[in-house]
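# Breakdown of the fold
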Amino acid sequence: MVMATKAYDKSFREEVYKNVDSGEDVKLCMQCGVCGITCPLRDKMTHGPRQIWSLIRAGKRDEVMDSPDIMLCTSCYTCKVRCPRGVKVIDIMHGLAHYALEQGIVPRAETAKFGKVFWDSIYKTGRVDETEVPMRYTLTAGPIHGLFNTLEMMDIGRALLSHKRMKFKLGPGIPPSKKIKGIKGLKKMLDKAQAMSPGKEG
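First, a word on what this report is: a plain description of the structure on this page. (Residues numbered from 1 in each chain as written. Predicted model: local features only at pLDDT ≥ 70, side-chain atom pairs only at ≥ 80, totals over all residues. Heavy atoms only, no water.)

## Looking at the packing of aromatic side chains
Inspection of every chain in the model, using the stated rule, returns 2 aromatic pairs. Residues Phe-114 and Tyr-137 carry aromatic rings whose centres are separated by 5.5 Å and whose planes lie at 85 degrees to one another, so their mutual orientation is edge-to-face. In this pair, Phe-114 sits in helix H7 (residues 109–125) while Tyr-137 sits in helix H8 (residues 132–139), placing the two residues 23 residues apart along the sequence. On the accessibility criterion, Phe-114 (36% relative accessible area) is partly exposed. Given the relative accessible area of 25%, Tyr-137 is considered partly exposed. A network of ring pairs unites the aromatic residues Phe-114, Phe-118 and Tyr-137 as a single cluster. For Lys-27, the ring lying beneath its charged end belongs to Tyr-17, and the centroid distance is 4.7 Å. (Phe/Tyr/Trp six-rings, centres within 6.5 Å; stacked < 30°, edge-to-face > 60°. Helix = DSSP H or I, 4+ residues; strand = E, 2+ residues; numbered from the N terminus. Buried < 20%, exposed > 50% of the residue type's maximum accessible area, 1.4 Å probe, protein only. Lys NZ or Arg CZ within 6 Å of the ring centre and 35° of its normal.)

Below, the structure written as structure tokens:
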């Protein structure tokens, strides 16, 4: 009896090993499934981390890079703590999401928009301005949608202001967010870390 076999496409796994943070840790996975079972968002995922690693090994580039699951991680660290092989699950998931965005693939549009606004706030001021970030995020939908989104959130905003959990602003940058001391040094470190990312070393 002749069995039909199809060789795995190794090119995608090599791409992940080279370009994704801690991508080579995929080799360590023994498919026990602890990462998926312990993930608090497991019910929201089509493919848990273990299954994503299997798809990488099988060369299923589109299924992995287009998967919204790679942008769902909240960095709770449960999977990383409980993995018996010490696989850096969070690093790989965030690395895959970052690599997909670099390739122009956006598996979760709203998450990507919020992540960019969040990151811009940290890069420009060294902190997350709790008034500025939501304002800028709502405006990513455009000025009219942003206005309606803001009106929908007005009750929450009023409650946060009354409990001094948020500062009043007329709009994004009005008044400008306060920068931390040493913002230049922080930017220098962030730029250096980005230059040292996998696939970017000179």
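## Remarks on the layout of surface pockets
Space inside the largest pocket adds up to approximately 1000 Å³. Lining the largest pocket are 29 residues, and of these His-94, His-98, Leu-101, Gly-115 and Trp-119 sit closest to its centre. For the lining of the largest pocket, the secondary structure elements donating two or more residues are helix H6 (89–102), H7 and helix H11 (183–195). Its residues assigned to classes, the lining of the largest pocket comprises 15 nonpolar, 9 polar and 5 charged. There is about 640 Å³ of room inside the second largest pocket. Going through the elements one at a time, H8 and helix H10 (154–162) are the ones with two or more residues in the lining of the second largest pocket. For the lining of the second largest pocket, the leading source of residues is H10, giving 6 residues. (1 Å grid on protein atoms, 1.4 Å probe; cavity = no way out; pocket = protein on both sides within 12 Å on 5 of 7 lines; lining within 4 Å. Points joined across faces, edges and corners; volume = space filled by probe spheres on them. Nonpolar A, V, L, I, M, F, W, Y, C, P; charged D, E, K, R; others polar.)

## Details of empty space enclosed by the protein
This model, assessed by the stated rule, comprises 2 cavities of 30 Å³ or more. In this model, the largest cavity occupies a volume close to 130 Å³. For the largest cavity, the lining is made up of 14 residues, of which Cys-39, Met-45, Cys-73, Thr-74 and Cys-79 are closest to its centre. Taken as a whole, the second largest cavity encloses approximately 80 Å³ of empty space. The wall of the second largest cavity is formed by 13 residues, among which Cys-29, Cys-32, Cys-35, Cys-83 and Val-87 lie closest to the centre. Broken down by class, the residue content of the lining of the second largest cavity amounts to 10 nonpolar, 2 polar and 1 charged.

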